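Each chain, letter by letter, is given below.
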Number of protein chains: 4
Amino acid sequence: MTGTFGRNIRISLFGVSHGEYIGITADGLPAGMAYDQNAVERMMERRRARGDISTSRHEGDKAGVISGLYNGYTDGTPLTIIIKNTDARHKDYPERVLRPSHADYTSYIKLAGYGDFRGGGSFSGRMTAPLTALGGFLKSALEKKGILIASHLSSVGEIRDDDFEEADEGILKEQFAALSAAPFPVINGERGDEMKNAVREAAAEGNSLGGTVETAVAGLPKGVGSPFFDSLESVISHLAFSVPAVKGIEFGMGFGLAYLSGIEANDQLAFDGGVKTISNLSGGINGGISNGMPLIYRVVFRPTPSIAKRQQTVDLLTKEEKPLELKGRHDPCIAHRAVPVMEAVTAIGLFDLLLDKGRDLWKAGF
Amino acid sequence: MTGTFGRNIRISLFGVSHGEYIGITADGLPAGMAYDQNAVERMMERRRARGDISTSRHEGDKAGVISGLYNGYTDGTPLTIIIKNTDARHKDYPERVLRPSHADYTSYIKLAGYGDFRGGGSFSGRMTAPLTALGGFLKSALEKKGILIASHLSSVGEIRDDDFEEADEGILKEQFAALSAAPFPVINGERGDEMKNAVREAAAEGNSLGGTVETAVAGLPKGVGSPFFDSLESVISHLAFSVPAVKGIEFGMGFGLAYLSGIEANDQLAFDGGVKTISNLSGGINGGISNGMPLIYRVVFRPTPSIAKRQQTVDLLTKEEKPLELKGRHDPCIAHRAVPVMEAVTAIGLFDLLLDKGRDLWKAGF
Amino acid sequence: MTGTFGRNIRISLFGVSHGEYIGITADGLPAGMAYDQNAVERMMERRRARGDISTSRHEGDKAGVISGLYNGYTDGTPLTIIIKNTDARHKDYPERVLRPSHADYTSYIKLAGYGDFRGGGSFSGRMTAPLTALGGFLKSALEKKGILIASHLSSVGEIRDDDFEEADEGILKEQFAALSAAPFPVINGERGDEMKNAVREAAAEGNSLGGTVETAVAGLPKGVGSPFFDSLESVISHLAFSVPAVKGIEFGMGFGLAYLSGIEANDQLAFDGGVKTISNLSGGINGGISNGMPLIYRVVFRPTPSIAKRQQTVDLLTKEEKPLELKGRHDPCIAHRAVPVMEAVTAIGLFDLLLDKGRDLWKAGF
Amino acid sequence: MTGTFGRNIRISLFGVSHGEYIGITADGLPAGMAYDQNAVERMMERRRARGDISTSRHEGDKAGVISGLYNGYTDGTPLTIIIKNTDARHKDYPERVLRPSHADYTSYIKLAGYGDFRGGGSFSGRMTAPLTALGGFLKSALEKKGILIASHLSSVGEIRDDDFEEADEGILKEQFAALSAAPFPVINGERGDEMKNAVREAAAEGNSLGGTVETAVAGLPKGVGSPFFDSLESVISHLAFSVPAVKGIEFGMGFGLAYLSGIEANDQLAFDGGVKTISNLSGGINGGISNGMPLIYRVVFRPTPSIAKRQQTVDLLTKEEKPLELKGRHDPCIAHRAVPVMEAVTAIGLFDLLLDKGRDLWKAGF
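If you're wondering where the values come from, they're calculated on a predicted model, not measured in any experiment.

Criteria and thresholds
Residues numbered from 1 in each chain as written. Chains lettered and ligands numbered in written order. Predicted model: local features only at pLDDT ≥ 70, side-chain atom pairs only at ≥ 80, totals over all residues. Heavy atoms only, no water. Least-squares fit on C-alpha atoms with pLDDT ≥ 70 in both. Contact = heavy atoms within 4.5 Å. Buried area = accessible area lost by both parts, 1.4 Å probe. Salt bridge = Lys/Arg side-chain N within 4 Å of Asp/Glu carboxyl O. Helix = DSSP H or I, 4+ residues; strand = E, 2+ residues; numbered from the N terminus. Nonpolar A, V, L, I, M, F, W, Y, C, P; charged D, E, K, R; others polar. Buried < 20%, exposed > 50% of the residue type's maximum accessible area, 1.4 Å probe, protein only. Pairing = 2+ DSSP bridges. Axes fitted to C-alpha atoms, helices over the stretch in contact; angles between N-to-C directions. Parallel < 35°, antiparallel > 145°, perpendicular 65-115°, else oblique. Left-handed = near helix turned anticlockwise from the far one by under 90°.

Q: How should I be thinking about the relation of the copies chain A and chain B in this particular structure?
A: The operation relating chain A to chain B is a screw motion whose rotation component is 180 degrees, with 0.0 Å of axial translation and a residual RMSD of 0.0 Å. These values place the two chain copies in the arrangement generated by a two-fold rotation axis. Here 100% of the interface residues in chain A have copies in chain B that are interface residues too; the copies meet face to matching face.

Below is the structure:
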C-alpha cells in the first residue's frame, strides 16, 4: 500500500486501530508557526465519541507532538504527532468473517494476509484522529490569516439542517460563530434534535444511518489552486475521499447543476470594491481556482456498515456463506463525528495549496 | 501554477487553447506496450465536436507522438504527444470582459496578467484533447489485460439514460458493447434523442444545459488502491475534477446513501467461485480498494458557462459592471463530449494505481 | 525546510538531537517483509560510539517500531521507528557562538531563530540513527534476495585500508565476510591500528581527522536505475550527501578517470555465462544502470568540525569576532562511525530503485 | 524507466538521440519570467560541437518553445522545449555489438529489447541539449536576481586550469567575466592550448581523454537547501550524475578534506558587514545549506568510451567475444562540451531550491 499526501507539505499517516500508536508526520511546514494546543484539543474533543448516539468505546486521544516544535513554534523540521491506543478490546471482532461493506475483504486481498485487521487496522475510522490533530493545528494557523473553516452536519437520513449561506460572507461568519458554540454540529438546533432521535431509533434497531456534511471556508484568498491536476476541487476531493465512508462530494450547487440551464447556473458578476459574484452556485471556485467567494462543498457518508442486524456474509477460512450479527461498540451514525474531520482535511488541503503562492516570491526577489 | 499527476507514472499537460501546440508528457510507462493508434484516434474522434449539438469550431486534433515509441511499442522513455492548434479565431473572445462562471477572472488573478487567456488559455476544455489521447492509449492497453472502461451520458437536464448494470458484469459488458457501436453515447437511444432535442432547444435560446456522465469498469482486479491518501476514490476524483466543468462526483449509490439505513446500504456477501457482493451500492470499492465488482461512478457537468443570453458582468479594465452577450462558437452542452474524456482519465488513474502492484514483485524476487 | 526521499517508498526523518525523540517514517514498503530485529540492532551497535576514539556521549539508541509491523512482518502500512533521546546535556553547547564549519550559522539563517539548535538540532549526526535503523532493516531484506552491501573505512588522513576487490565478486564476498567479523571496520587490521593511533593523537591535540568510506554491493541485479534523473549514481549520491560531513563521492575509479585515456578507462567485455566486464573502473554502473558487476563507490568525510583547538568565530548576538575553544564530547573522527550509515543509505536507495522493477509486472499481467 | 526531477518545479526529459525530437517539459515555473532567447542560444552554441577537438556531427539544435510562453514571458503553464534531430546517420552504429563502458548493455537489459538504441537512445549525450536549453533559461533568470553561475574546464588529463577563487567573490566575478569572453572555457588560456593539443593527440591515436569541470556560483543567498534529503549537495549531485559520463563530484575542498585535520579544514569566521568565512574549503555549504560564500564544486568526466582503438567486446546476438574498432563521429573528449551543461543543471537545481523560500511567505501573509 502507499499513502502520502501533498506537494508543498508531505504527510504520512501511520499506525493501525489496535496497534500501540497511531500518528502522522508532516514535512515541509514553515518554521515559526505557533502551535495552538488548545485548538488541537478542541478538535479532538469534537471528534471524540460522546453521548448516547456514538460508540461507547472510550478514546483518550491525547495527541502528543514528538518532533517539529521548539518553544511552542514549529521549528521547520517534520512535525510528528502520535496518539496512544489505550482502549482496544481485540475480542470484539470476528476473525475472517467478513463484515459487509467494510474493508475486511479488500484489505485482506491487498495485504495478502499480513495486515493487522483488528478493528479495521489501517482502514479504521480511528486513523482520522491524527489527521484531525494535524488538521486542527493547520486550521488554527489559517484562522490567524483570516481564513475560517467550518463544517456542519447538513443531513441525517431525510432530516436536513439549514444550509450554509453561500453568497454573503458576513452571514456565513455568523453561522460559524453559532456553530462553534453549539453542542451538536448543526445550524438549526431543532433539526439537530430530530437527527439525534433518528440516530437513537436506528441504534435501537441495531441499524445505522447515513448523512451529509457541508463545509464552508470564509476569507479564502483569490487565486488558490490551479487548472487541471492541482485544481482546488481535485485536492480537496482527494483528501475528502481519504476519510472512510465518504462516497460522494459536490462543490457549490454540485449535482443540482445537472438540472439547470446556463443562465440559471452562471454566477453573474458585480463590482463592489472588487469583483464579486452575485450568486455562488460555483462554490467559490472557477477553473479550479478560488474566486474570493465562500468555498462550499458537501460530502456524503454512508451509513456505518457495522450493524447488529443480521446480514449474509462469507467466512474466508471455510469459504462458506453464513449469517452475521455483529456485536461490539459501533457508531450508529458516523457523519456527525466526521464534522471536525472534514474541517481538518480542508485545512490540510488549503494549507498545501496556499504555500504554492510562494512561487510568487520569485518576482519579489529573495 | 502547478499540475503534474501520478505516483508511478508522472504526467504533465502543456499548452494553451490558442497557442501553437497543446500536449502531454508521461514519464514512467513500462517499455513494450503496443501503441494502438486506431484506439487513440477513435477516442479523439468521439471527443471531437460533431453534428448540430456541438460547437462549429473544427479541431483537427491529430495526436502526434514525438517521443517514447519505437517500432510501435513504448520504449521506456517518456511518451510525449502533441496536437497542433489549427483553427483558432482569436477575435471571438472579448478582452478582459469577464465571462460569468468561466475561469476568466480566476486565471487573471492567478497569472497576474501573464496568462494567454485567448479561448480560455490553459483552462480551456481543449486541454482535454491530449488527456484523451494519452487516456485512450492507456484504455486500450488496459483492455488487453481484460480491464474494460466505458462511460455514457447518464442525464441531460431532467432526461435520464438507463443506468449501468452494477452487480452483474455480464450484463454490464453487453451494455459496453452496445455503447461502443452507438452514434450517441447513451444506453437508451430514445432518451438520447430526447437529450439531443433538449440541447437543440437550449442552443436555439442562446442557453446551455448541464448533465451527468456515468463511468463503469469491468474486469478490474481486486486489490487496486490503498486506504486514505491513495484510495481509488481519491485518485479518480482527483483526475475527474481536473476535467473542466465537473462539480461533483459520487461512487456507487453515492449521495443516495445519505437516505438509506445500514441494512439497506450494505452489500451483503455471497461465495460463488470467490467472494462477491450481492448488490453493489459501494460501486466496487471498500476502504479505498477495489473489491472485484464493477467500479461505478458518476460526475456532474455544469451547463456550459459560455452562453449568448444577456448576463451581467464586469470589465476588468474599467471596473464597471456591464451587460454581456457572448458571440462565438460554443457548446450548448459539454457533457456528451466529455464521455470519452471521463473514460480517458479513468484509464490514467487506474493505470497509475495498477502499477503499484509491482510492489508485490518483492516477494516474487527480482 | 523540506526533506522527504523516495519515489517508490517515501521516507521522512523527524526530530532533533536534543528533543524527546528522533525517528523515521517509511511509506510504501511491501507487506510481508520479515523484520529482523537483530540485524537492526547490529547496525545500531556498529554505529554507536565506542572505545577511546569516539565521543563519550552514551546513546542508548533503542530503535522502537511503533507502526507498520504485525506479527514480525511489515503489514503494508507506514513503518515508523522512534528512538528516545536519553543522554542530552544541554549546557555543553555555547549559545549563538557559531562553531566554524558546523551548520550553526546556516541553520540559524534557515530557521530564522525558530530552530532547536541544541546539539546541532536537526543537523546533528544523531539524525543518522533512525536512518541506520531503517537502512539496517532494508539491508537485511536485500540480503535475503542475495544482494549484499558492505562498507569499510578506506582511509583516515594519509593511512589507507586495502581496497575492495572490484572485478571478482567471489573475492569481494570474502572481504565482506571478514569485515562482518572485524571489530574495527577495515580490511587490513594493521592499517586499522594505525588509523586508531592517528585518531587518538588528533584527539589528544584537541584536533580531528577526515577520512573516506568505501561501499560495495555484491549480487545487485542488472538493470537497476534509469538514465538521467533516476540514475543509480543520482539516487545514491542524493542519499550519501544527506549524511552530515560528506563532501564528495565517486563511483568506480571516480576522479582517477580524469587522468586516464579511453582505452585505459574502458571496461572491456567478456562472455562467461553472461556478459561481464573484465575490469570494473565504472563501479558496476553504465548509463546510470547497474551492469551486474559489483557496485563500488567512495565518499569523503570532512574532519569533525567540533574541535577543542582555538578558532576564530563570531558571536551572533554581539556580532563580534571572538575566539572559541569548544568543550564537550566530540568525535575526533566521524568516518569510522559512518561506515554502517553508508551501508544503510545504500540499502535505502537500492530498495527504492529495485521496487521500480515492478513496472515490469505490466507485461506479466496482474 | 523513470525520470522526473524537482520538488517545486517538475521536469521531464523526453526523446532519443535518433528520434524525431528531443525535448523537455518543466511544470511549476512562476508566471512572468522573461524568456531570454539570446541567453538560451548562447548556451546551446557553447554546448555545440566545434572545431577540431569535437565530433564532426552537426547539430542544428534549435530549441523551440512550444508551450509556456506568452508575449515573451512565462505564462505559468508548463514550459515545453523541443529540438528537432536533423543530422542522424543511423548506419554509424554497429548493431548489438556492445561498446565497452557505454550504456549499450545496460539499456538493452533495462528495456528488454524495446529501446531505440541508435546513437545511444535515451542515454545519449544529446539528451543534454534540452537540459541545456532549460538550464540556460533558468541561469539567465537567476542572473537577473544577482545569482551568477559559471563553469570552466578545470583539467584534461594531467593538465590543470587555474582554480576558481573560492573566498573572494569580487575576484571570482572577474574570472566569470573573463570566461564569458573566452573562446575555450578555461581561466588560463595557455593551459587551454595545452589541453586542446592533448585532445588532438588522443584523437589522432583513436583514443580519448577524461577531464574535470569546476562550477562556481556567486551571489547565492544564504539559507538555500535543507539538512538531509534536500541538502544543496544532494540536489546538485543528483542532477550532476544525470549528466552522462560524470563519475564523481566534490564540493569545496572535497576529497582533499580526507587529508586535513579539523583545524586545517574548518573555515573560521569573521564579521564584515555580516558573517563570512575566512577560507572556503566547505564550498559555500554547511549542513546542506548555503552560507553566503561562493558555492564551488567539481565533477569528473570519464574519457569518452567511444574510441577507434581496438577493444574486446561481446556480440549480443551470437554471445561471442569479438574485437571492436569503432568508426563514426565521436568526441575525443566530452568534458569541455559539458561546461555549459554543468552550468545548466546547476541553474535547474538552484532554481528548484530557491522556490522553496516561498515557504517563508507564510509569515508575511498571503
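Q: What is the right way to read the interface of chain A and chain B from this model?
A: The parts lose accessible area when they come together, and the size of an interface is often stated as this lost area. Taken together, the contacts link 102 residues of chain A with 102 residues of chain B. Together, F228, F229 and K247 of chain A form the three largest contributors to the area buried by chain A at its contact with chain B, with a combined 11%. A salt bridge links K247 of chain A to E233 of chain B; its shortest N-O distance comes to 3.1 Å. No other element matches strand β11 (residues 246–251) of chain A, which puts six residues into the side of chain A that touches chain B. For the side of chain A that touches chain B, a count of residues per class yields 46 nonpolar, 38 polar and 18 charged.

Q: Mind showing me how you'd approach the relation of the copies chain D and chain C here?
A: The two chain copies are connected by a rotation around an axis plus a translation along it. When chain D is fitted to chain C, the residual RMSD is 0.0 Å, and the transformation amounts to a turn of 180 degrees plus an axial shift of 0.0 Å. The fraction of interface residues of chain D whose copies in chain C are also interface residues reaches 100%, indicating that both copies meet through the same surface.

Q: For this particular structure, what's the right way to read the pairing of strand β17 (residues 311–315) of chain C?
A: Each regular strand displays side chains that alternate between the two surfaces of the sheet. Residue and element names in this part refer to chain C. Burial within β17 is extensive, with four of its five residues counted as buried. In terms of strand pairing, β17 meets strand β18 (residues 320–324) through five bridges, oriented antiparallel. Among the inter-strand pairings, Q311 is bridged to a residue of β18, identified as L324. Remark: four residues form the turn of the hairpin made by β17 and β18, two consecutive strands paired antiparallel; K319 in that turn has positive phi of roughly 60 degrees.

Q: Please clarify how the packing of helix α6 (residues 232–240) of chain C against helix α8 (residues 339–355) of chain C should be interpreted in this entry.
A: When two helices pack together, their arrangement is given by the angle between the helix axes and the distance between those axes. All names here are of chain C. Between α6 and α8, the least distance of the axes is 9 Å, while the angle of their chain directions is 140 degrees. By the angle between their directions, the pair α6 and α8 is classed as oblique. Relative to α8, α6 is oriented so that their crossing is right-handed. Across the interface between the two elements, L232, V235, I236, L239 and A240 of α6 pack against M342, V345, I348, G349, L350 and L353 of α8.

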